[in-house]
Amino acid sequence: MAKGKESQKKQPNGNASAGYVEKAVQKADSFQQKASKYGRGTKADGQPAGGFDDTPIPRARPGFTVKFTFHRATSLPMADLNSLSSDPYIVAQLNTNLQTRHKQDPHMRFRTPTIRRSTNPVWNAEWIVANVPASGFALKARIYDEDPADHDDRLGNVHVHVDSISADWEGIKEQPFKIKKRMGSKRAYLVRGVVAMFSKHIPLSGDLIVSVEALGRTEADDGGRTWTIGPCNWSQHLSPMIGRLTGTKEPGAEGKTEKYNFQANQIQLRGPVPPELYHRYVEFKPFVAGMFDSKTIRGRILNRALHHQHARVYNYDRTTVYGSFPSPCRDMTLKFLDLVHWDKGGRIFTYVITLDGQWRFTETGKEFGIDLLSKHTMHSDVNIYIAFSGEFFIRRLKHPHQSPDEPETHPPAEMNGGPPSVEPLKDPAYYGLVIDNDSGTYRPNPKVLPQLKAFMEHNLPGMKVTTLDCTAEAEKMNKMKTEQRERKKTEGAGMAFIQDSDGEISSSDEEDLDKQEARGRRRKRREKVAEPKTFVGKWRRGDKERERREEEDDMSGRADGTVS
């Protein structure tokens, strides 16, 4: 009996051991499946992780369409000692309790235009967001002083918390919220304090006046995500420095000389972005994951460099041009064509569309080799997830009813009634947008190109849109892009100039640019153009302290302006 009992005891242990092995194998398989799903490691087909992600949007009841209005601010601190003023703007972030597809999905953000030399700025900037849940929201508004020569000083924060929204919610009507000083620039507040000692009319605290209005239930089948309805804001960012490095000239008006100016553009498209447009960066090299999540030393350095480059390319300064349309319209299409210079010069553009529908693009080409690793990584500001990316170009059509990929277009054909002989036709019907998925960073899925086409046609009324699959239609795509490049050579392309390494170039100093250009040509220091390591130390110094302060602000309590 003893032996029988001993045998009975051993048998379960043997079964348990086998069970543990089986469970371990199951867990390993499960881990591999999750790794493929969330983009870690390698996919089942042997391709690097990332690219198209079919994770569905978590379902929720449709929420409310809410309009946020940032009216004005009072008694801001003085960030500029010379003028005893500031150049303030607001960056607002909207947080809700809606579950995102992945925790790395970027937040909903909105930026106002910059008001020059004012401590009592008036913006009256509106931001309309769909599907804000009935459980309310937390709106964080950070006020900054724009300073392209250095870094933008924070002037203070305002938090607006609303615990619930209903059909009969009264909203917030031009309510002042105290601006928190704790996270602001100590230098700016010190200047204001000193000035206040000599003037009784300088208050020591300021307010941000905000309105929030519920416009009704959002008309949607699902309320699982928020998106920007409008307005369709656009901005044009100009940089003479980068223009000289890339040989990019801004077309001059009649009788005027062309100037070197690199141009970056942003257009807020009307949402929602089709849910199928959802892509993650591709881990085509071992270091790429570290670059996006900043978890390695090398990745952190590259991440900083690309963030810095994005800030330089999309630099806000006194030359930045702003505009807005209430919704997509013919005039918005004409403005887009103006931003890309119609069909002049055979230009090709690199673009990224964010999850909230912000379209960012610049001209691309071999002369734009100043990018550190990837143009799309820079455009996305190193975002892990985006909607779509690739390249596009414009074709002028001979007839309004033809397709942009037909032979009788400019380019490649010579056609009357437009560039290079005369000014372009101001009619969207005579232009076609040819857009593709040519992006090695995110590798967008060609199967969702129809959704991209419908989305772009909705936001560019009156214009024809043609999509190209960079793999299945590679021969056709390369042929059309070669035609664009040949047209660029024919109509004249700028010469690439080299930045001299002895000093930095000020984008606001044309005379200094001329001197730097001449020295750069003589010394032939071409390898210095895109060397990020020279500046890495500068980017890293001071950033840790600012990051710590940002995190403290994010963790701050709800006591700063709860509205029920």
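The structure displayed is predicted, hence computed values, not measured ones.

Novice: Can you help me understand the overall build of the protein chain in this one?
Specialist: Across its full length, the protein chain carries twelve helices and 24 strands. Put simply, the protein chain has 564 residues, and 48% of those count as buried. Restricting the contact set of the protein chain to residue pairs at least 6 apart, pairs at least 24 apart contribute 77%. Just so you have it, the protein chain exposes about 28100 Å², and 51% of that area is on carbon and sulfur atoms.

Novice: Would you take a moment to explain the side chain of Thr354 for this structure?
Specialist: Along the polypeptide, Thr354 turns up in the loop between β17 (349-353) and β18 (358-363). Residue Thr354 is classed as buried on the basis of its relative accessible area of 9%.

Novice: Please clarify how the nonpolar core should be interpreted in this entry.
Specialist: Most often, soluble globular proteins keep nonpolar side chains buried together rather than apart. Among the nonpolar cores identified, the biggest contains 54 residues, and Phe336, Trp359, Phe392, Leu433 and Met456 are the most heavily contacted of them. If one sorts the elements of this core by residue count, helix α6 (residues 330-339) sits on top with five residues. What Phe392 contacts, discounting residues up to four positions off in sequence, is Phe336, Val340, Ile348, Phe349, Tyr351, Trp359, Phe361, Leu433, Val434 and Ile435. By size, the runner-up hydrophobic cluster in this structure holds 35 residues, among which are Trp123, Trp127, Leu155 and Leu208.

Novice: What should I look at first to understand helix α5 (residues 297-313) in this one?
Specialist: An α-helix turns once every 3.6 residues. As a result, residues three or four positions apart point the same way. In this model, α5 (17 residues) spans 24 Å end to end at C-alpha, consistent with the 24 Å of a helix rising 1.5 Å per residue. Those residues of α5 lying buried are Gly299, Leu302, Asn303, Arg304, Ala305, Leu306, Gln309, His310 and Val313.

Novice: Please clarify how the pairing of strand β20 (residues 388-397) should be interpreted in this entry.
Specialist: Consecutive side chains of a regular strand alternate in pointing toward one face of the sheet and then the other. Burial of β20 is extensive: ten of the ten residues sit out of reach of the surface. The alternating pattern of β20 places Phe388, Gly390, Phe392, Ile394 and Arg396 on one face and Ser389, Glu391, Phe393, Arg395 and Leu397 on the opposite face, and all of these are buried. Where β20 meets strand β21 (residues 409-410), two bridges bridge the pair, whose relative direction is antiparallel. Residue pairing across strands places Arg396 opposite His410, the latter belonging to β21.

Novice: Any chance you could explain the sheet that holds strand β15 (residues 279-280) here in plain terms?
Specialist: The pairing of strands in a sheet happens through backbone hydrogen bonds and is either parallel or antiparallel. Read from one edge to the other, the open sheet built from three strands follows the order β1-β15-β19, with strand pairing classed as antiparallel. Looking along the sheet, the strands with just one partner apiece sit at the ends: β1 (51-52) and β19 (385-386). Inspection of the sheet shows β15 paired to β19 by two bridges, in the antiparallel sense. Looking at the pairing, Arg280 lines up with Tyr385 of β19.

Basis of the calculations
- Residues numbered from 1 in each chain as written.
- Predicted model: local features only at pLDDT ≥ 70, side-chain atom pairs only at ≥ 80, totals over all residues.
- Heavy atoms only, no water.
- Helix = DSSP H or I, 4+ residues; strand = E, 2+ residues; numbered from the N terminus.
- Buried < 20%, exposed > 50% of the residue type's maximum accessible area, 1.4 Å probe, protein only.
- Contact = heavy atoms within 4.5 Å.
- Areas by Shrake-Rupley, 256 points an atom, 1.4 Å probe, with all protein chains shown as cover.
- Core = buried A, V, L, I, M, F, W, Y, C linked by side-chain atoms within 4.5 Å.
- Expected span 1.5 Å × (residues − 1).
- Pairing = 2+ DSSP bridges.

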